[in-house]
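# Per-entry structural report
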Amino acid sequence: MTNAFFFSGRELTDEEILKPLDLHHFTVRPGLSETPQCQRCGNTTNFSSHPCARCGKICTYCRNCIEMGKISSCTKLYRWNGPEPAHSEKAGRLNWSGTLSAGQHTASENVLRAIQNGSEHTVWAVAGAGKTEVLFKGMAAALSGGKRVCLAAPRADVVRELAPRLSAVFPDTPPPALYGGSPDRHVYSPLIVSTTHQLFRFTEAFDVMIVDEVDAFPYTFDLSLQYAVQKARKKKSALIYLTATPEPSWKEDIKSGKREATLIPARYHRHPLPVPKMSWCGNWKKTIVPDPVQKWVKEKQKALLFYPHIETMEKALSRLKEVDERIESVHAGDPLRKEKVEAMRRGSIPVLLTTTILERGVTFPGVDVAVVGAEDRVFTESALVQIAGRAGRSAACPTGDVVLFHYGKTEAMVRAVEQIKQMNRLGRDRGLLDG
Amino acid sequence: MSRCLLCENSTEIDSWRAFFGAKPPPLCEACLSTLKKISGPSCKICARPMEKEAVCPDCLAWRKSTFVTNASLYHYNDAMQALIARFKYRGDYALADIFAQDIRTAAQKAACDLVCAVPLAPSRLAERRFNQSEALIERAGLTGMPLLARKESDKQSKKSRKERVGSRQTFYPIGDAAGKSVLLIDDIYTTGATIRLAADALEEAGAHSVKSITVARSGS
């Protein structure tokens, strides 16, 4: 860590800072405030304490962010207050020759304006609209203007997917990907892609903060991640949110104009979103693979089949292996998760059974989608909209079959279908769809 | 609201049970189910799980000492490994509560005169901020006696394998245990080397017998 620039924007504990160190250029503050509040993660409720061998007192510590290194009453946080590194003149050079759809173009201009004004803007873009491209122009302008940009997402797999894409687009500023255990942790760059979690280690670092999949678990649920985003951005900075399925409260704020937003109701390839069909399948908890599901699977060359729980999914797998033994299943804790998703992409798995982990962030060209037990409470309105959004994403295969197999319709199912239809209507009204 | 110490989910119990003095459990059912209690036949000395009750080859090979028996609560599986890493290396002291009840029960069964922590070397203690062994004793509501201390030594990771197996004594007595039985409490029992060295130092302090309780038993 010879490069002092590494510290720029970061706020680290005494244990993370390598010693001996010239403390001239550092501002030091206690890791816990008097209240107490953890100054790294914002936690005010989850603490414990013990006699501390380091300070000799009864020391309180934060249990919320302890996996990132312990913050106790006797921990100090160090923040670089020296000059900010100058960026290469070419930092914002954009290596991208694609064209934006009309919907993308509007959003792109609004993002650019928000970035230039240091204001807040939300892009509500349907699954497959091409959200990332909407950012390029604004990011390029920011980087050329010497600004520091962060693209954050709640989930590490999204971070790992975004970083190489941005490296190709900004070849002079390839962003490090920051997530737990990532190899890129120790570098400085004007552009970074990070999990919201890793932002705990930054304070007032970024002129432009972009949060992708802002409605995704655990971001909406974990207040400390929202705290991390606010802490990591400069007091005067732009804040861009991206979502395909905003929370109900966000939708209201967008409608009432409280939240400035651009809606992209159609996909870049100008085909409508596939509308889910509902199909009653009886008590699937008993039958595991109901007849209509079995029939559906047999007809498909490439499909995702969602189950609400691992147990029923594994039972279904052993039955469906009799249909085709290449059929596989995947869930969050699966040690072969990455490999199976990769095999699905290559086409060597015809049907992949999955829990909601594959509801977002993945693209399998030409895939059909079905949900078994769509009435289960894990399938919220936004989960179902995201799941339906896996179908027909590529320009080569812009249509797809989406079926919700259920044992009783729910409000969430009805609203998900309504939301998709409404987007298609809007897309048509605005001339964003062909045919 | 009471929450699971590992996953933060609610562990609230019925209010009528709380009224009668019941306390919410430290872990939710899902997290608790990842930990596997040791049961069934085991080595009579070190509690290693075995096909039938006997003395395991390791214990047969150890020289005679004041060390009598070890009791371990849980298997050292992946979940336990993660838990102990968070407790000891990350320093999440509160996790000692998970084992408080079990340790209290096992300590009663061991029926020793004194309880003693396995000490850490001063530099290691400063680095970790607390001694995991003392934390387990404290949270179990037991009173540990300061009978032992530990000298600075090279990090285990810097030693060769041969040096590790033949670990030299780093414990020394600082208290009086004359004619007493002593119970050591620690997080993991692996080869038994640490416990036996501590027992040797306790013998110097006058102890006539030493038992141990550990949260986990690693090794097959």
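Residues numbered from 1 in each chain as written. Chains lettered and ligands numbered in written order. Predicted model: local features only at pLDDT ≥ 70, side-chain atom pairs only at ≥ 80, totals over all residues.

The secondary structure content of chain A amounts to eleven helices and 18 strands. In terms of overall size, chain A behaves like a compact globule, its C-alpha atoms giving a radius of gyration of 24 Å where 435 residues would be expected to give roughly 22 Å. Seen through its C-alpha atoms, chain A measures out along the principal axes to roughly 70 × 50 × 40 Å. Expressed as a percentage of the 435 residues in chain A, the buried residues total 48%. A fraction of 74% describes how many contacts in chain A between residues 6 or more apart in sequence connect residues 24 or more apart. (Helix = DSSP H or I, 4+ residues; strand = E, 2+ residues; numbered from the N terminus. Rg over C-alpha atoms; globule rule 2.2 N^0.38 Å. Buried ≥ 20, exposed ≤ 12 C-beta atoms within 10 Å, placed from the backbone. Contact = placed C-beta atoms within 7 Å.)

Bringing the overall build of chain B into the picture now. Along the backbone of chain B there are nine helices and six strands. A compact globule built from 220 residues would reach a C-alpha radius of gyration of about 17 Å, and chain B, at 18 Å, matches this within 12%. Considered along the principal axes of its C-alpha atoms, chain B spans approximately 55 × 45 × 35 Å. In chain B, buried positions account for 36% of the 220 residues. Pairs at least 24 apart in sequence give 73% of the contacts found in chain B among residues at least 6 apart.

The next point concerns the environment of Cys7 of chain B. All names here are of chain B. Take Cys7: it is sitting in the segment before helix H1 (15–19). Once the C-alpha coordinates of Cys7 and Gly91 are considered, the two residues, 84 residues apart in sequence, prove to be 17 Å apart. If we ignore the near neighbours within four places in the chain, the residues touching Cys7 are Cys28 and Cys31.

Listed per partner, the contact involves twelve residues of chain A and ten residues of chain B. The dominant element in the side of chain A that touches chain B, judged by the number of residues it contributes, is strand S3 (residues 47–51) of chain A, at three residues. Of the residues contributing to the side of chain A that touches chain B, the split by class is five nonpolar, three polar and four charged. (Nonpolar A, V, L, I, M, F, W, Y, C, P; charged D, E, K, R; others polar.)

Further remarks concern the packing of helix H10 (residues 381–388) of chain A against helix H11 (residues 411–429) of chain A. All names here are of chain A. The contact between H10 and H11 brings their axes to 8 Å, and the two run at 50°. Considering the angle they form, H10 stands oblique to H11. Helix-helix and strand crossings are classified by hand; for H10 and H11 the assignment is right-handed. Only Ala412, Met413, Arg415, Ala416, Gln419 and Ile420 of H11 make contact with H10, whose side of the interface consists of Glu381, Leu384, Val385 and Ala388. Per-class residue counts for the contact of H10 with H11 are seven nonpolar, one polar and two charged. (Axes fitted to C-alpha atoms, helices over the stretch in contact; angles between N-to-C directions. Parallel < 35°, antiparallel > 145°, perpendicular 65-115°, else oblique. Left-handed = near helix turned anticlockwise from the far one by under 90°.)

The next thing to look at is the pairing of strand S5 (residues 76–80) of chain A. On a regular strand, one side chain projects to one face of the sheet and the next to the other, so that they alternate. Where strand S1 (residues 11–13) of chain A lies against S5 of chain A, three bridges are found, and the strand directions are antiparallel. Residue pairing across strands places Glu11 of chain A opposite Arg79 of chain A, the latter belonging to S5 of chain A. (Pairing = 2+ DSSP bridges.)

Counting 180 residues, the largest nonpolar core has Leu384 of chain A together with Val182 and Leu202 of chain B as its most contacted members. In terms of residue count, the dominant contributor to this core is helix H2 (residues 133–144) of chain A (seven residues). In contact with Leu384 of chain A, other than residues within four places in its own chain, are Ala374, Phe379, Leu404, Ala412, Met413 and Ala416 of chain A. (Core = buried A, V, L, I, M, F, W, Y, C linked by C-beta atoms within 7 Å.)

Attention shifts here to the sheet that holds strand S18 (residues 402–406) of chain A. Residues and elements named next belong to chain A. Read across the sheet, six strands follow the order S13-S18-S17-S14-S16-S15 without closing on themselves; strand pairing throughout is parallel. Both edges of this open sheet fall to strand S13 (277–280) and strand S15 (328–330), since each of them pairs with a single strand only. Averaged over neighbouring strand pairs, the angle between their axes works out to 20° when direction is ignored. The pairing of S13 with S18 spans four bridges and is classified as parallel.

Below, the discussion takes up the domain arrangement of chain B. Under the domain assignment used here, chain B contains domain 1 (1–33) and domain 2 (36–217). Taking only C-alpha atoms into account, the centre of domain 1 of chain B sits 29 Å from that of domain 2 of chain B. (Domains from an automatic or database assignment.)

This part takes up the environment of Met139 of chain A. Considering the arrangement of structural elements, one finds Met139 of chain A in helix H2. Taking the C-alpha atoms as reference points, Met139 of chain A and Glu204 of chain A, separated by 65 residues in sequence, lie 18 Å from one another.

Residues and elements named next belong to chain B. Restricting attention to buried positions, one finds in helix H5 (residues 100–110) the residues Ile103, Ala107 and Ala110. Buried positions in H5, seen along its axis, are confined to an arc of 60° and lie on one side of it. Looking at H5, the residues exposed on the side facing more than 90 degrees away from the buried face are Gln108 and Lys109. In the segment just after H5, Ala111 is the residue with positive phi, at about 50°. (Arc of directions from axis to C-beta.)

On to the confidence of the model for chain B, then. Residue-level pLDDT values for chain B average 90, and 94% of them are 70 or greater. Scored by ipTM, the complex comes to 0.90, with pTM at 0.86. (pLDDT = per-residue confidence, 0-100.)

This part covers the sheet that holds strand S10 (residues 206–211) of chain A. All names here are of chain A. Taken in spatial order, the seven strands line up as S8-S9-S7-S10-S11-S6-S12 in an open sheet, and their pairing is parallel. Single-partner strands in this sheet number two, and they are strand S8 (177–178) and strand S12 (261–264). Where helix H4 (residues 223–232) meets the sheet, it contacts strand S7 (149–153), S10 and strand S11 (233–243), and its direction lies at approximately 150° from that of S10.

So, on to the domain arrangement of chain A. Residue and element names in this part refer to chain A. Domain annotation for chain A reports domain 1 (4–80), domain 2 (102–264) and domain 3 (277–429). Between domain 2 and domain 3, the C-alpha centre-to-centre distance is 28 Å. Counting residues at the interface gives twelve residues for domain 2, matched by eight residues for domain 3. Taken together, the residues of the side of domain 2 that touches domain 3 sort by class into five nonpolar, two polar and five charged.

Residue and element names in this part refer to chain A. Across the junction of Thr35 and Pro36, the peptide omega takes the value 0°, indicating a cis bond. On the secondary structure map, Pro36 appears in the loop between strand S2 (26–30) and S3. Backbone torsion omega between Phe217 and Pro218 reads 0°, so that peptide bond is classified as cis. Relative to the assigned elements, Pro218 resides in the loop between S10 and H4. Even without glycine at this site, Ile288 takes up a positive phi of about 60°.

This next bit is on the pairing of strand S4 (residues 58–62) of chain A. Residue and element names in this part refer to chain A. Examined bridge by bridge, S3 and S4 share five bridges and lie antiparallel to one another. Following the sheet pairing, Ser48 is matched in S4 by Tyr61. Between the end of S3 and the start of S4, which pair antiparallel, lie six residues, with Gly56 showing a positive phi angle near 75°.

All names here are of chain A. Turning to its location among the elements, Ala266 is positioned in the loop between S12 and S13. Ala266 gets classed as buried once you count the C-beta atoms within 10 Å, which come to 28. Along the backbone, Ala266 and Ala114 are 152 residues apart, and their C-alpha atoms lie at a distance of 22 Å. Among residues more than four places away in sequence, those in contact with Ala266 are Gly103, Val126, Ala129, Gly427, Leu432 and Leu433.

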